[in-house]
Amino acid sequence: MEPPENDVVAFESAEKIILRWDSTASEDAREKMIFAGDRHEIDRYLQAVDEIQRSMEFATLSDDQNKANSAIQIAMARLEDEFRNILIAHTTPMEAESLTDTSNEDYHDNNSEVDSPLTKELEHQESNSSGSYRSTNSIREIDLMPSDAIYDLRCIAERMISAGYLRECIQVYGSVRKSAVDSSFRKLGIEKLSIGDIQRLEWETLETKIRRWIRAAKVCVRILFASEKKLCEQIFEGLGTATDDACFTETIKGPAIQLFNFAEAISISRRSPEKLFKILDLHDALSDLLLDIEIVFDSKSSESIRVQAVEILSRLAEAARGILSEFENAVLREPSKVPVPGGTIHPLTRYVMNYISLISDYKQTMLELIVSKPSTGSRYSSDPNTPDMDFGELESQTPLALHLIWITVILQFNLEGKSKFYKDTSLAHLFVMNNVHYIVEKIKGSPELREMIGDDYLKKLTGKFRQAAINYQRSTWVRVLYCLRDEGLHVKGSFSSGVSKSALRERFKTFNAMFEEVHRTQSTWLIPDTQLREELRISISEKLIPAYRSFLGRFRTHIESGRHPENYIKYSGEDIETAVLDFFEGYQVSQHIRRRSQ
Amino acid sequence: MPMTDNQGSFLNRISIRRNQVSNMENNHEQDIEDLELFQKHVADRFSDLLPNDPPSTTDSPAIDQSPLFSISWFRKLLDVFLCCEAEFKALVLIGRDPVQFSKPPLDRLVPDILERSIKSLDICNAVTHGLELVHHWQKLAQIAVTAFEQKPMGDGQVRRAKKALNTLLTSMMLDDKENNYHAKAAERTWSFGRRSGGGGGGAGNNNKDRTNGTFRSMSWSVAKSWSASKQIQAMASNLVAPRGGEPTGLAVPIYAMGTIFVFVMWALVAAIPCQERTGLLTHLPLPRNLNWGQALIALQDKIAEEWKKKEKKGTTGLLDEMQKMEKVAQNLVDFAENFQFPAEEEKLEEVAEQVAEMAEICRKMEEGLTPLQQQIREVFHRIVRSRAEVLDVLDQIGKMSPPVPY
C-alpha cells in the first residue's frame, strides 16, 4: 500500500532537518549544538527524529527503508554527540554541587586533611537526623544536574533507545560520568596504591591513610554513588530494560573496586599488635556502610562489589582476631631481661594495660569478633614456658573477657620471669608487687575493663600483690628483726644481770649495719603509687619501730654502761622512724641516717 | 618428630595430615616419593594445556575446544594453577615442622614466596581490571554485529557498524599508557568532528578525535608508576634453581611453584591489557632438566611461535578472542568502507560469514569473561590464604614476631 501523500511530505521535511544537522556534511552543523540553542529548534529536531522513526514502520520499498535507516543513523549519531555535550557541560566538580552547610561547628577532627565541602556535607548529615533520607537515614543523594538538563537527556535517551541504539547511549553516558567520578575521587584524596605499595608503607603512614579512607568511603557510598544512581534513574528509568542499572554499573564499577581495593589491601597486611585499633576502626566503618552498600549496589551487575565488601569485612575481622593472638604471643614471649631499676613499673606492664584498656573501649566490636577462648593455657600444660590457667571457673565469661583475663595472666607470668633477674630477692618481690598493683589499679580505673575481668579475678590479683608485699617484708626484715630478738642474749648466772654484753654489742652493730644497708639500698627503690608506698612503710614501721624501741628500752643501759656506747646505739626510735620515710622514694639519700638525738 | 604446637592455630585448621611415621628413614623416602609425584603432576597438567596437534584422521574425537590463549584455555590454566598450588601446600606446609623454614636454604626462600604472592595479587587485580576493557570492546563489537544483522543491510546500519568498529580498533591499537592519556583527553575536550565518508585507515588522527568521545575512560586503578612487566621481571629474577643435595628437598617444589606462579602471571599479562607491559619478558627462565620445566618450555615455545605470527607485537594482548576480534573487525571495516546500497549478493554472503564469526566471538566473551574474572578472584583468595599460612609458619618459628613496641 502506498504511503499517503502527507506521510511522504512529513518524512521528507523531517529528513531535511536531520540532514541539515549532519555534521559530516556541513561545517555549520559541526560548530553549533542543537541543545544549546533555542527550545524551538530542539523540539523541531526531536519531532523530526520521531517522524523518521514512525515512517520506518510504513516504509515498504527497500529504497525507502534504506533512506529511513540512513536518516535514523545520522540522527542517532547526532543525538549521541548532543547527549555527550549536555553531559559534559553539566559535569561540574562535586564541590560546587554539594550543599556546604558549615553549621556543624562542634565536629572536631584532628586530621582534617580532606576538608572539602563534600566531607563537611557528610559531617553535617551525620549529625542531622532530618531530611530527605532513605531508610538507612544516612544516604544522601544530591542533584548532580539541573532538571532541565535531565529533561533534555531523557528526551534524547528515549529516542536512542527506541531506535535500538541503547548500547551507544550507555557507552557515552558511562564514559563521561565515570571520568566525573574519577575526578571526585581525586578530590577526596583516594589514592591509587597497589597492594605491594601498601605492604611497604610504614604503619603510621597507613594510619593516616586509613583515617582518610574512612571519611572518603562514607562520602563515596552515601553521597557520591547514591547520587550517581539517582541521576541514572532520573534519566533512564522506564526506558529499556534496567537501563538505569546498566548505566550506573558502567559508571561506578571501576571506581568502587578501586575504592575497596585499599581496604582489602589493609585487611591482608601482616599482623602486628599496634595495628589492632585502626583495623577495628576500618572494620567498624565498613560494617556501618554495609547496609548502604547493599542498597546502592542492589543490581545483579554490581553484585561482585557487594560480595567484595563482605569479603573484606570478614578479612578485617579475621585480622583483628589474628592480631589479638599475636599480641598475646608477644606479651608471653617479650624477652627483655634487663631489670627495671628500682623495681618500678615495667614498660611492658604499662603497654599491656593501656592496650587492654583500649580494647575495652572497643568492647562492642570486640565482643562480636572474639568468639573463641584463648588458644593456649590449659590447666595441665606441661610446658614450663606457658602459664596455667583454668578456664573452667570462668564458664560464664564472654570469650573476650577470657582473653583479657588471659592477657593479665600471661603478663604476670612474664613479669615473674623478669623478677628473677633481680639479684636481690626483696627487690624481686617489690617489683611483682608494684606491677600487679598497677594492673589492679588500671582495671579499677576502667569500668568496662572491670566489668569484663570481674571482681572475683580482681580479688585474686589484689591478694597477689598483698602476698608479694608480705614476701618482700619477710625477705628483708626477718633478718633485721632477728637482731632484735631476746634469745641468745641472756647468760645464766654471772655477775651481770644475765645479758651477754658482747653478744648485745654484736647485735647492735649488726642491726645498725643491716639497717643502714637496707636504708641505703631501698631508698633507691621505687613504689610509684603513693598510697601503696605509704601502706608498706607503715607496715614496716609497725613491726620495726616497736621492736626496736622495746629492744632499746630493755638493753640500752647495758651498752651505756660500757665503753663507746655511741658506736652501738646510733639511732633513736625517732631516727629509725624518720629513716623509714626515705624508703621507696626512688632516689639516693645521704649515707647517714639523720640522727636527731643521741 | 615432635611438632612445636604452642600456637597451633593453622595446624589446628588442617584436615589432611601427612603420614607421621616414627621412623625417620621412612619419612625421608616418603618425602622423595611425594616430591616426584608432585613434579610429575605438574608436568602432566601443563602438558595437557598444550593445544592438540591437528588430528591426522577426520574421525578423531573432539575438536580442540580451547585454542591457546583463549578464554576457556585461561580458565583451564587457572584450574591447573589452583591444583598445583593445593598439592604444593599439602607437600610443603602441612604437617611440617615449622623450624625447617628457619634454616637454610629455606629461610632465604620464604621472603621470596611472600614477595611473589603480593606481586601476583596486584597482577590479579590489574588483569581483572583489564578484562573490563575487553568487556567494553565486546560491547562495541556487539553494536556492529547487531547493525550488520539487520536485513536488508542499508547505509545507516553499515555506518553505525563502521563507527563502532573504528572506535574498537582505535582503542585496541592504542598503547596501554596512551589509553590513559586519551581517557583524560576525553574529559576535557571532545571532538565533534566526523570522518568524511570513505577511504582512510583506522588510525588516522581524524579518527582518533572522532572516537575520543565515545571512548571509555579507562584510567587504570593503580599509580602511574606501577608496571606489570616490571613486576613479572622482578618475580622472574628471583627464580633460582636450587643446587642439588640440600637436606629436606623442599627447595625443589618451592622453586617449581615459584616458576608456576611466574608463568601463569606472565601468561595473563601477555594476554590481557593491563598497565605498562612494554618490555614484557618474552622468555622466562625455565629449567630444561626437570620434567615440568620441559612441559612449561613446550608451552612457552608455542606461545612464542604465536607471538611471532602476529605482525604487530600484540599491544592489545594475546587473548585469542581479542586477536580474532581485531582481525574480523578490520575485515568488516574494509567491507563497510566499500559498501554501497544495495549490495551484491556474494558480498553479502561473505560479510555474513564474518558477522557470524564476530557474533561467535562476542558470545564466547559474553559467556566466558565473567567466569574468568570470578576465577581470577578465586586465585586471588587462594594466594591470600596461602600467604597467611606461610606467615603463620613464620610466627611459629618465633623469630618474626616483633618485640612488643613500647
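On a predicted model such as this, the values are computed, not experimentally measured, just so you know.

1. Considering the overall build of chain B
For step 1, the next point in the chain: If you tally the helices and strands in chain B, you get 12 helices and 0 strands.
For step 2, the next point in the chain: For chain B, the sequential pattern of α-helices and β-strands runs α-α-α-α-α-α-α-α-α-α-α-α.
For step 3, the next point in the chain: Within chain B, the fraction of its 406 residues that count as buried is 56%.
For step 4, the next point in the chain: A fraction of 82% describes how many contacts in chain B between residues 6 or more apart in sequence connect residues 24 or more apart.
For step 5, the next point in the chain: Here chain B displays about 18,100 Å² of accessible surface, and carbon together with sulfur accounts for 52% of that area.

2. Concerning the UniProt feature "transmembrane region" (unreviewed entry) in chain B
For step 1, the next point in the chain: UniProt records the feature "transmembrane region" (unreviewed entry) at residues 252-272 of chain B, using the numbering of this structure.
For step 2, the next point in the chain: Taken end to end, residues 252-272 of chain B comprises 95% helix and 0% strand; its first and last C-alpha atoms sit 30 Å apart.

3. Things to note about the nonpolar core
For step 1, the next point in the chain: Grouped together as the largest cluster of nonpolar side chains are 297 residues, with contacts concentrated most on A:Phe225, B:Phe46 and B:Met358.
For step 2, the next point in the chain: With 22 residues, helix α4 (residues 106-149) of chain B is the largest single contributor of residues to this core.
For step 3, the next point in the chain: Summarising the domain contributions, this core has at least three residues from each of domain 1 (334-377 + 387-474) and domain 2 (484-582) of chain A.
For step 4, the next point in the chain: With near-sequence residues (within four places) excluded, B:Phe46 lies in contact with B:Leu77, B:Val80, B:Cys84, B:Ile260, B:Phe263, B:Ala295, B:Leu296 and B:Leu299.

4. Things to note about the packing of aromatic side chains
All names here are of chain A.
For step 1, the next point in the chain: The final tally for this structure, using the stated rule, is 32 aromatic pairs over all chains.
For step 2, the next point in the chain: Ring centres of Trp 477 and Phe 515 lie 6.2 Å apart, and the angle between their planes is 45°; on these two criteria the pair is classed as tilted. Placement of the pair is Trp 477 in helix α19 (residues 455-482) and Phe 515 in helix α20 (residues 501-523), with a sequence separation of 38 residues. Judged on exposure class, the residue Trp 477 and its partner Phe 515 are both buried.
For step 3, the next point in the chain: Aromatic side chains Trp 477 and Phe 583 sit 5.7 Å apart centroid to centroid with 20° between the ring planes, which places their arrangement in the stacked category. Of this pair, Trp 477 sits in helix α19 while Phe 583 sits in the segment after α22 (573-580), and the two are 106 residues apart along the sequence. Both residues of the pair, Trp 477 and Phe 583, count as buried.
For step 4, the next point in the chain: Taken together through their ring pairs, the aromatic side chains of Tyr 472, Trp 477, Phe 511, Phe 515, Trp 525, Tyr 548, Phe 583 and Phe 584 make up a single cluster.

5. Points about the confidence of the model for chain A
The predicted coordinates should not be examined in detail at positions where pLDDT is low.
Residues and elements named next belong to chain A.
For step 1, the next point in the chain: Of all residues in chain A, 87% attain a pLDDT of 70 or more, and the chain-wide mean is 86.
For step 2, the next point in the chain: Across residues 99-114 the pLDDT falls below 50, and counting only partners more than four positions away or on other chains, this stretch makes 24 contacts in the model.
For step 3, the next point in the chain: Here residues 125-135 is modelled with pLDDT under 50, and outside its nearest four sequence neighbours on either side it reaches 17 contacts, counting other chains as well.

6. Notes on the environment of A:Asp81
For step 1, the next point in the chain: Here A:Asp81 shows up in helix α4 (residues 62-89).
For step 2, the next point in the chain: Considered as a pair, A:Asp81 and A:Val172 are 91 residues apart in the sequence and their alpha carbons are 8.6 Å apart.

7. Points about the domain arrangement of chain A
All names here are of chain A.
For step 1, the next point in the chain: On domain assignment, one finds that chain A holds domain 1 (334-377 + 387-474) and domain 2 (484-582).
For step 2, the next point in the chain: Computed over C-alpha atoms, the centres of domain 1 and domain 2 are 37 Å apart.
For step 3, the next point in the chain: Every contact between the two is made by 16 residues of domain 1 and, on the other side, 13 residues of domain 2.
For step 4, the next point in the chain: Taken over both partners, the interface formed by domain 1 and domain 2 buries close to 1,100 Å², and the fraction arising from carbon and sulfur atoms is 65%.
For step 5, the next point in the chain: Taken as a group, His 437, Tyr 472 and Gln 473 account for 39% of the area that domain 1 buries against domain 2, more than any other trio of residues on that side.
For step 6, the next point in the chain: One can count 0 salt bridges joining domain 1 with domain 2.
For step 7, the next point in the chain: Those elements that provide at least two residues to the side of domain 1 that touches domain 2 are α17 (425-445) and α19.
For step 8, the next point in the chain: For the side of domain 1 that touches domain 2, the class distribution of residues is 7 nonpolar, 7 polar and 2 charged.

8. Side note on unusual backbone geometry
For step 1, the next point in the chain: B:Lys151 connects to B:Pro152 through a cis peptide bond whose omega is -5°.
For step 2, the next point in the chain: Within the secondary structure, B:Pro152 sits in the loop between α4 and α5 (155-173).
For step 3, the next point in the chain: The phi angle at A:Phe584 is positive, at roughly 65°, despite the residue not being glycine.
For step 4, the next point in the chain: A positive phi is found at B:Phe69, a non-glycine position, where the angle reads about 70°.
For step 5, the next point in the chain: Secondary-structure assignment places B:Phe69 in the loop between α2 (24-48) and α3 (71-92).
For step 6, the next point in the chain: Residue classification places B:Phe69 among the buried positions, given a relative accessible area of 4%.

9. Details of the pattern of salt bridges
Side-chain pairs of opposite charge can arise whenever the charged atoms involved come near each other.
Residues and elements named next belong to chain A.
For step 1, the next point in the chain: Applying the stated criterion to the full structure yields 53 salt bridges over all chains.
For step 2, the next point in the chain: Between Arg 39 and Asp 43 there is a salt bridge, with the nearest N and O atoms lying 4.0 Å from each other. Separated by 4 residues within a single helix, Arg 39 and Asp 43 lie in helix α3 (residues 39-58), roughly one turn from each other.
For step 3, the next point in the chain: Residue Arg 39 is classed as partly exposed on the basis of its relative accessible area of 36%.
For step 4, the next point in the chain: Residue class for Asp 43 comes out partly exposed when judged on its relative accessible area of 34%.
For step 5, the next point in the chain: Close ionic contact of Lys 278 with Asp 281 constitutes a salt bridge, the shortest N to O distance being 2.9 Å. Taken together, the residues Lys 278 and Asp 281, both in helix α12 (residues 276-296) and 3 residues apart, mark about one turn of the helix.
For step 6, the next point in the chain: On the accessibility criterion, Asp 281 (22% relative accessible area) is partly exposed.

10. Quick notes on the packing of α20(A) against helix α21 (residues 530-560) of chain A
Two quantities define a packed helix pair, namely the angle between the helix axes and the distance between the axes.
Residue and element names in this part refer to chain A.
For step 1, the next point in the chain: Their axes nearest at 11 Å, the elements α20 and α21 cross at an angle of 145°. Note on packing geometry: the crossing formed by α20 with α21 is left-handed. Side by side, α20 and α21 meet where Lys 501, Leu 504, Arg 505, Arg 507, Phe 508, Phe 511 and Phe 515 of the first sit next to Leu 544, Tyr 548, Phe 551, Leu 552, Phe 555, His 558 and Ile 559 of the second.
For step 2, the next point in the chain: Among the residues making up the contact of α20 with α21, the classes are represented as 10 nonpolar, 1 polar and 3 charged.

11. Re empty space enclosed by the protein
A water-sized probe rolled over the atoms picks out the places where empty space is left.
Residues and elements named next belong to chain B.
For step 1, the next point in the chain: For the structure on display, the rule yields 11 cavities of 30 Å³ or more.
For step 2, the next point in the chain: Volume-wise, the largest cavity comes out at about 210 Å³.
For step 3, the next point in the chain: Every residue lining the largest cavity is counted, 19 residues in all, and those nearest its centre are Glu 85, Phe 88, Ile 113, Ser 386 and Val 390.
For step 4, the next point in the chain: The set of elements that each furnish at least two residues to the lining of the largest cavity consists of α3, α4, α9 (251-271) and α12 (345-397).
For step 5, the next point in the chain: Among the elements that take part in the lining of the largest cavity, α12 stands out by supplying 5 residues, more than any other.
For step 6, the next point in the chain: Tallied by class, the residues present in the lining of the largest cavity amount to 12 nonpolar, 3 polar and 4 charged.

12. A look at the side chain of B:Arg382
Residue and element names in this part refer to chain B.
For step 1, the next point in the chain: Mapping Arg 382 onto the fold places it in helix α12.
For step 2, the next point in the chain: Take Arg 382: its relative accessible area is 16%, and that puts it in the buried class.
For step 3, the next point in the chain: Contacts of Arg 382, omitting those with residues within four sequence positions, involve Leu 82, Glu 85, Ala 86 and Lys 89.

13. Examining a negative patch on the surface
For step 1, the next point in the chain: A cluster of acidic residues, B:Glu344, B:Glu345, B:Glu346, B:Glu349, B:Glu350, B:Glu353 and B:Glu357, forms a negative patch at the surface.
For step 2, the next point in the chain: Considering the arrangement of structural elements, one finds B:Glu350 in helix α12.

14. Remarks on α19(A)
Helical periodicity: at 3.6 residues per turn, an α-helix aligns residues three or four positions apart in one direction.
Residues and elements named next belong to chain A.
For step 1, the next point in the chain: Taking 1.5 Å as the rise per residue, α19 with 28 residues should run 40 Å; its terminal C-alpha atoms sit 39 Å apart, in good agreement.
For step 2, the next point in the chain: Maximal helix bending in α19 amounts to about 35°, located at Thr 476.
For step 3, the next point in the chain: All of the buried residues in α19 are Tyr 457, Leu 458, Leu 461, Thr 462, Phe 465, Ala 468, Ala 469, Tyr 472, Gln 473, Thr 476, Trp 477 and Val 480.

15. Some remarks on the side chain of A:Thr251
For step 1, the next point in the chain: Within the secondary structure, A:Thr251 sits in helix α11 (residues 243-267).
For step 2, the next point in the chain: Residue contacts for A:Thr251: discarding those within four places in its chain leaves A:Tyr173, A:Gly174, A:Arg177, A:Lys178, A:Val181 and A:Glu228.

16. Some thoughts on helix α8 (residues 166-187) of chain A
Residue and element names in this part refer to chain A.
For step 1, the next point in the chain: Here α8 contains 22 residues, and its C-alpha end-to-end distance of 32 Å stays within 8% of the 32 Å for a straight helix at 1.5 Å per residue.
For step 2, the next point in the chain: Of all 22 residues in α8, 18 are buried, a share of seventy percent or more.
For step 3, the next point in the chain: Gly 189, located one to two residues past α8, shows a positive phi value of around 80°.

Parameters at a glance
- Residues numbered from 1 in each chain as written.
- Chains lettered and ligands numbered in written order.
- Predicted model: local features only at pLDDT ≥ 70, side-chain atom pairs only at ≥ 80, totals over all residues.
- Heavy atoms only, no water.
- Helix = DSSP H or I, 4+ residues; strand = E, 2+ residues; numbered from the N terminus.
- Buried < 20%, exposed > 50% of the residue type's maximum accessible area, 1.4 Å probe, protein only.
- Contact = heavy atoms within 4.5 Å.
- Areas by Shrake-Rupley, 256 points an atom, 1.4 Å probe, with all protein chains shown as cover.
- UniProt positions renumbered as here; feature names shortened; annotations may be inferred.
- Core = buried A, V, L, I, M, F, W, Y, C linked by side-chain atoms within 4.5 Å.
- Domains from an automatic or database assignment.
- Phe/Tyr/Trp six-rings, centres within 6.5 Å; stacked < 30°, edge-to-face > 60°.
- pLDDT = per-residue confidence, 0-100.
- Buried area = accessible area lost by both parts, 1.4 Å probe.
- Salt bridge = Lys/Arg side-chain N within 4 Å of Asp/Glu carboxyl O.
- Nonpolar A, V, L, I, M, F, W, Y, C, P; charged D, E, K, R; others polar.
- Axes fitted to C-alpha atoms, helices over the stretch in contact; angles between N-to-C directions.
- Left-handed = near helix turned anticlockwise from the far one by under 90°.
- 1 Å grid on protein atoms, 1.4 Å probe; cavity = no way out; pocket = protein on both sides within 12 Å on 5 of 7 lines; lining within 4 Å.
- Points joined across faces, edges and corners; volume = space filled by probe spheres on them.
- Patch = residues over 30% accessible without salt bridge, like charges linked within 9 Å, V, L, I, M, F, W, Y side chains within 5 Å.
- Lys, Arg positive; Asp, Glu negative; His and termini not counted.
- Charge placed at Lys NZ, Arg CZ, Asp CG, Glu CD.
- Expected span 1.5 Å × (residues − 1).
- Bend = angle between axes of the 7 residues up to and from the residue.

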